[in-house]
Amino acid sequence: MLAPPLLWLGLAYLGSLAVLLLSAFWTTDSFTSDVIHVWNTDNFRTILTDSVYRTITLRTLGVAVAVTLIDALLALPMAFFMARVASGRWRRALLVAVLTPLWAGYLVKAYAWRVMLGEHGLVNAVLAPLGLTGPGYGLPAVVLVLAYLWLPYMVLPVFAALERLPTHHLEASADLGAGAWRTLRLIVLPAVRPALFAGSVFTFSLSLGDYLTVQIVGGRTQLLGNVIASQVTLDLPLAAALSAVPVVLIVCYLAAVRRAGALDSL
Amino acid sequence: MHLTRTARAVLGVLMTMGLAIVHVPLLLVVLNSFNADRSFAWPPSGLTGEWWVRAVRSQGVRDALWTSLQAGLAATAIALVLGVLAAFAVHRHRFFGRQTVSFLVVLPIALPGIVTGIALNAAFRTVLDPLGIGFGLFTVIVGHTTFCVVIVFNNVAARLRRIAPSLAEASADLGARPAQTFRHVTLPALRSALFAGALLAFALSFDEIVVTTFTAGPGTKTLPIWIYENLARPNQAPVINVVAALLIALSVIPVYVAQRLSSDSAGGRL
């Protein structure tokens, strides 16, 4: 019974990844742009030694970490309010309100921000009376929009974890004399930690490979995804070698959070 | 935990602010689809319904919508079959590499779309091209299925873990054959998980752009591809706004249906 799905995932997916990895060991003729099928490790050497790629990798990592932190900070109070303060119909309504944007479409949301962040957009119009201007298109805009895009992925698991948290744990903590902060630190946070990690799998890895948001609101910002996308047609072996970078980072991250039990809460 | 009045108020304010941040951009798109000014500067100078008329008449939008529907339905159908089989296998049997399977199925959604995209692109070129199968709707469907399988698998596997084994045992004790037990006991218990999984898978496929970019041929345009191609054309901006507004309005339906059907208050798993 396992054969068809495994064949599918094995052949279509892992097979493709293997083909990609193999082609990373080839080179491209710089005159004709033809792929030369001679085994070598030049591409990986370029990526490891060229400071341009190191800077871009670090910048991309920074963006992914920043987006994950922002989403965790935003998701915690929202999920807590939904799961523990609101009740009954309110809770359902809030859940729908948070979930709906998840379905509204990636491109639609990125586009919405492009319009808002434009020179005559809403952000500048709102900030103008305060004597401020918005971030415009660039790296801050990329972090902002990515955090916006992936927020529901963080709210959902955290909400589910908080909702499952037994009320008597909180009551026992209060009975034993713990204040709200202490209960939060000693009872609530440990209970939602796997959920935070589960959410971070999405926020982190989706940010790490994104290139469309960068193209839409990033101005001239270069992240790993863009560099890969721009090399695909020019130099496929280099693009293949470059795409090993986010894959390695994500697999390490997955292995790390798996120990925290995050994959069970996905 | 007893929350003070201040704590509740602070949480309420944060919740309201969060919701505002989430919804203002979307509301703005809907408003802009009626904006008479083509540059969409804030505030709008006047309102018009012209863009909606133009969008409905646009052949490009209609063709793209049809392509997206075909790709989404086909990918969801294949994913349902494969995802359910995998979920049953992992649930029923203890076998070597069982942990690996549950790790493996997370990969297609955890790895960046661009990596999946160019990997599939390279593989299709080496495998399908010699067979005479070019890039087109078929390759898009194969690409979408890889991540749709995961969604179905996650939903069904989670539900299987929660169905009490005693139900199937009771059915067997009462003399039902395995096929009867499946039809009358297991399937009804799974139904809403299947539906939620299919719905999520379809929505993901409908929205997907990165994998699609690298697996679609030049003539195959799904709706997101159409939107993306037209982002760079200023004179198409009003029509894009209408399509975007329409997609936002439609997004209420799956959330509503998932809420009604799923016992999971979060309405399905990703």
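Residues numbered from 1 in each chain as written. Chains lettered and ligands numbered in written order. Predicted model: local features only at pLDDT ≥ 70, side-chain atom pairs only at ≥ 80, totals over all residues.

*Asks:* Give me the overall build of chain A: which residues, what numbers.
*Replies:* Counting its secondary structure elements, chain A contains 12 helices and two strands. Reading chain A from its N end, one meets helices and strands in the order α-β-β-α-α-α-α-α-α-α-α-α-α-α. Taking the principal axes of the C-alpha coordinates as reference, chain A spans close to 75 × 60 × 35 Å. In chain A, which comprises 266 residues, the share counted as buried stands at 49%. Within chain A, contacts between residues separated by at least 24 positions form 71% of all contacts whose residues are at least 6 apart in sequence. (Helix = DSSP H or I, 4+ residues; strand = E, 2+ residues; numbered from the N terminus. Buried ≥ 20, exposed ≤ 12 C-beta atoms within 10 Å, placed from the backbone. Contact = placed C-beta atoms within 7 Å.)

*Asks:* Residue-level account of the overall build of chain B, with values.
*Replies:* Scanning chain B from N- to C-terminus turns up 13 helices and zero strands. Reading chain B from its N end, one meets helices and strands in the order α-α-α-α-α-α-α-α-α-α-α-α-α. Restricting to contacts in chain B with at least 6 residues of sequence separation, those with at least 24 account for 77%.

*Asks:* Before we move on, can you summarise the packing of helix α12 (residues 236–259) of chain A against helix α6 (residues 113–131) of chain B with the specific residues and values?
*Replies:* Between α12 of chain A and α6 of chain B, the shortest axis-to-axis distance is 10 Å and the interhelical angle comes to 140°. Considering the angle they form, α12 of chain A stands oblique to α6 of chain B. The way α12 of chain A lies across α6 of chain B gives a crossing that is left-handed. Facing Leu 236, Ala 239, Ser 243, Pro 246 and Val 247 of chain A of α12 of chain A, the residues of α6 of chain B in contact are Ile 114, Val 115, Ile 118 and Ala 122 of chain B. The class makeup of the residues in the contact of α12 of chain A with α6 of chain B is eight nonpolar, one polar and no charged. (Axes fitted to C-alpha atoms, helices over the stretch in contact; angles between N-to-C directions. Parallel < 35°, antiparallel > 145°, perpendicular 65-115°, else oblique. Left-handed = near helix turned anticlockwise from the far one by under 90°. Nonpolar A, V, L, I, M, F, W, Y, C, P; charged D, E, K, R; others polar.)

*Asks:* Could you give me a rundown of the environment of Val 227 of chain A, with the residues and numbers involved?
*Replies:* All names here are of chain A. Along the polypeptide, Val 227 turns up in helix α11 (residues 224–232). Val 227 sits in the buried class, given 21 other C-beta atoms within 10 Å. Here the alpha-carbon distance between Val 227 and Leu 242, two residues 15 residues apart in the chain, equals 8.1 Å. Look past the residues within four positions of Val 227 in its chain and what remains in contact with it is Ile 56, Gln 222 and Leu 242.

*Asks:* Just give me the short version of the environment of Pro 43 of chain B, but keep the residues and values in it.
*Replies:* For Pro 43 of chain B, the position within the fold is in the loop between α1 (5–32) and α2 (50–57). Spatially, the C-alpha atom of Pro 43 of chain B lies 9.9 Å from that of Asn 32 of chain B, the residues being 11 residues apart in sequence.

*Asks:* Help me get a handle on the nonpolar core, residues and values and all.
*Replies:* Core analysis: the largest hydrophobic core is formed by 170 residues, its most contacted members being Ala 79, Ala 110, Val 145, Val 155 and Val 158 of chain A together with Val 152 and Val 243 of chain B. In terms of residue count, the dominant contributor to this core is helix α7 (residues 139–164) of chain A (18 residues). Residues in contact with Val 243 of chain B, not counting those within four places in the same chain, are Ala 55, Val 61 and Ile 227 of chain B. (Core = buried A, V, L, I, M, F, W, Y, C linked by C-beta atoms within 7 Å.)

*Asks:* Could you give an account of the interface of chain B and chain A, with specific residues and numbers?
*Replies:* With 69 residues of chain B in contact, the opposing surface of chain A contributes 74 residues. Here the side of chain B that touches chain A is composed, by residue class, of 52 nonpolar, 15 polar and two charged.

*Asks:* Can you lay out the packing of α2 of chain B against helix α12 (residues 237–250) of chain B for me, pointing to particular residues and giving the numbers?
*Replies:* All names here are of chain B. Between α2 and α12, the least distance of the axes is 9 Å, while the angle of their chain directions is 80°. Judged on the interaxial angle alone, α12 and α2 are roughly perpendicular. For the pair formed by α2 and α12, the contact residues are Trp 51, Trp 52, Arg 54 and Ala 55 on the first element and Pro 238, Val 239, Asn 241, Val 242 and Val 243 on the second. Split by residue class, the contact of α2 with α12 holds seven nonpolar, one polar and one charged.

*Asks:* Give a detailed account of helix α5 (residues 106–117) of chain A, specifying residues and quantitative values.
*Replies:* Counted at 1.5 Å a residue, the expected span for α5 of chain A with its 12 residues is 16 Å, and the 17 Å between its end C-alpha atoms agrees. The element α5 of chain A is largely enclosed, with a buried count of 11 among its 12 residues. (Expected span 1.5 Å × (residues − 1).)

*Asks:* Summarise the environment of Ala 93 of chain A; cite the residues concerned and give the values.
*Replies:* Looking at the secondary structure, you find Ala 93 of chain A in helix α4 (residues 89–103). For the pair formed by Ala 93 of chain A and Leu 127 of chain A, sequence separation is 34 residues and the distance between their alpha carbons is 31 Å.

*Asks:* So what about the confidence of the model for chain A? Which residues, and what values?
*Replies:* Mean pLDDT over chain A: 84, with 92% of residues reaching 70 or higher. Here strand β2 (residues 35–36) of chain A is the element of chain A with the lowest mean pLDDT, 72, and helix α3 (residues 51–85) of chain A is the one with the highest, 92. (pLDDT = per-residue confidence, 0-100.)

*Asks:* Can you explain the confidence of the model for chain B? Please cite residues and give values.
*Replies:* Residues at a pLDDT of 70 or more form 91% of chain B, whose mean pLDDT is 83. We note a pTM of 0.85 for the whole complex and an ipTM of 0.81 for its interfaces.

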